[in-house]
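Per-entry structural report
Residues per chain are reported as follows:
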Amino acid sequence: MTFWMALVLGLVQGVAEFLPISSSGHLSLLQHFFGMEEPDALYNILLHFATLVAVCVVYWRDIVDMIVEFFRGAAALLGRGDRREGGKPPEGRRLVLLVILGTLPLFLVLPFDDLVEGMGANPTFVALMLLLTGCVLFLSDHYAGGRKTVRTATVKDALLVGLAQGMATIPGLSRSGTTISAGMALGFDRNFAVRYSFLLSLPAVLGATLLKVVKVAASGEVDIKLLPMYLCGMVVAGVVGYFAISLVKLLADKGKFGKFAFYCWIVGGIALIASLFPAAPA
């Protein structure tokens, strides 16, 4: 891997991880049509860690509040915590519960991890999933405008958004696009749909990262000499990811989240044509 390739991969990861255009789908298509080499296991881990940090920076207040309320909630269950008037838990504590519930459906996907990963090798399939992502995004603006917040979202809502996240492990389906659209379809307020989607990504990305760390550690395939270029790629992924999250928040708030649909349709259509009618060898 070259220095410039590491930066390009960092850029693609930072942009496509948070914009609703599928990072896995883009990387798969780039590798198939342009011969871009697949990042090694360690670099893949570091890129995902960088985007994880970007989410933490944007939502640090929510995350701190959730951590505090997690321990307060645990203490309350043991009869040592504070008691709230009306029996209603604070917002941070309820957000912890919703994130935990939304993460549970991912365990249904774990047994099919190798199968899902293999789907990325089929450019026709990835292209079709990008086209489907476009349809989901296009509809999102039409059923947006709900009023559910962290206070009024239900257990059923969290589980359904979690199921959408599980389905979005399929290459070509955008995780952020699918979960935000699912939230809007369930009546979430636009801001809450985006906020919940990105907070829901934290345990998902962290869990996947830890699993990959175990695999890399077991294989022993780590080249320390490549670390400087990896760090540069991480910085690019993290910084670009920060601004990508801000852009998604802005467009969703203005009711223009569905505009990303046209990009997915264009890229998916071109990729589908290219996969079905490959150019003849020179």
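None of the values given here were measured: they were computed from a predicted structure.

Helix and strand counts for the protein come out as twelve helices and zero strands. Reading the protein from its N terminus to its C terminus gives the helix and strand order α-α-α-α-α-α-α-α-α-α-α-α. A compact globule built from 282 residues should have a C-alpha radius of gyration of about 19 Å, and the protein, at 20 Å, falls within 12% of that. Referenced to the eigenvectors of the C-alpha coordinate spread, the extents of the protein come out at roughly 75 × 45 × 35 Å. Counting across all 282 residues of the protein, residues that qualify as buried make up 47%. The long-range fraction of contacts in the protein, counting pairs at least 24 apart against all pairs at least 6 apart in sequence, stands at 84%. Carbon together with sulfur atoms contributes 70% to the accessible area of the protein, which is approximately 14600 Å² in total. Taking the 22 positively charged and 19 negatively charged side chains of the protein as two groups, their mean positions are separated by 11 Å.

Judged by nonpolar contacts, the single largest core of 44 residues is most densely connected at Tyr59, Phe192, Tyr196, Phe198, Leu199 and Ile245. It is helix α10 (residues 190-219) that provides the largest number of residues to this core, a total of nine residues. Beyond its immediate sequence surroundings of up to four residues, Ile245 is in contact with Phe18, Ala54, Val55, Val58, Tyr59 and Phe198. Counting 16 residues, the second-largest nonpolar core is a separate cluster that includes Leu9, Val12, Leu30 and Tyr230.

Once that is clear, we can look at the pattern of salt bridges. Scanning the entire structure with this criterion turns up five salt bridges. The partner of Arg72 in a salt bridge is Glu69, with the nearest N and O atoms 3.1 Å apart. Here Arg72 and its partner Glu69 are both found in helix α4 (residues 60-77), three residues apart, which amounts to about one turn of the helix. Of the charged contacts in the structure, one is a salt bridge between Asp157 and Lys148, with a shortest N-O distance of 2.9 Å. Asp157 gets classed as buried once you look at its relative accessible area, which sits at 4%. Judged by its relative accessible area of 26%, Lys148 is partly exposed.

On inspection of all chains with the given rule, the structure shows zero disulfides. Summary of cysteine pairing: Cys264 is not part of a disulfide, and the nearest cysteine sulfur, belonging to Cys135, is at 9.7 Å.

Attention shifts here to helix α8 (residues 155-167). Compared with the 18 Å implied by 1.5 Å per residue over 13 residues, the 19 Å span of α8 between its first and last C-alpha is a close match. Regarding α8, the residues found buried are Asp157, Ala158, Val161, Gly162, Ala164, Gln165 and Gly166.

On to the packing of helix α2 (residues 23-34) against helix α7 (residues 123-140), then. For the pair α2 and α7, the least separation of the axes is 10 Å and the interaxial angle reads 145°. The handedness of the crossing between α2 and α7 comes out as left-handed. Mapping the contact onto sequence places Gly25, His26, Ser28, Leu29, His32 and Phe33 in α2 and Pro123, Val126 and Leu130 in α7. Residues of the contact of α2 with α7, tallied by class, amount to five nonpolar, four polar and no charged.

Rules used throughout
Residues numbered from 1 in each chain as written. Predicted model: local features only at pLDDT ≥ 70, side-chain atom pairs only at ≥ 80, totals over all residues. Heavy atoms only, no water. Helix = DSSP H or I, 4+ residues; strand = E, 2+ residues; numbered from the N terminus. Rg over C-alpha atoms; globule rule 2.2 N^0.38 Å. Buried < 20%, exposed > 50% of the residue type's maximum accessible area, 1.4 Å probe, protein only. Contact = heavy atoms within 4.5 Å. Areas by Shrake-Rupley, 256 points an atom, 1.4 Å probe, with all protein chains shown as cover. Lys, Arg positive; Asp, Glu negative; His and termini not counted. Charge placed at Lys NZ, Arg CZ, Asp CG, Glu CD. Core = buried A, V, L, I, M, F, W, Y, C linked by side-chain atoms within 4.5 Å. Salt bridge = Lys/Arg side-chain N within 4 Å of Asp/Glu carboxyl O. Disulfide = S-S within 2.5 Å. Expected span 1.5 Å × (residues − 1). Axes fitted to C-alpha atoms, helices over the stretch in contact; angles between N-to-C directions. Left-handed = near helix turned anticlockwise from the far one by under 90°. Nonpolar A, V, L, I, M, F, W, Y, C, P; charged D, E, K, R; others polar.

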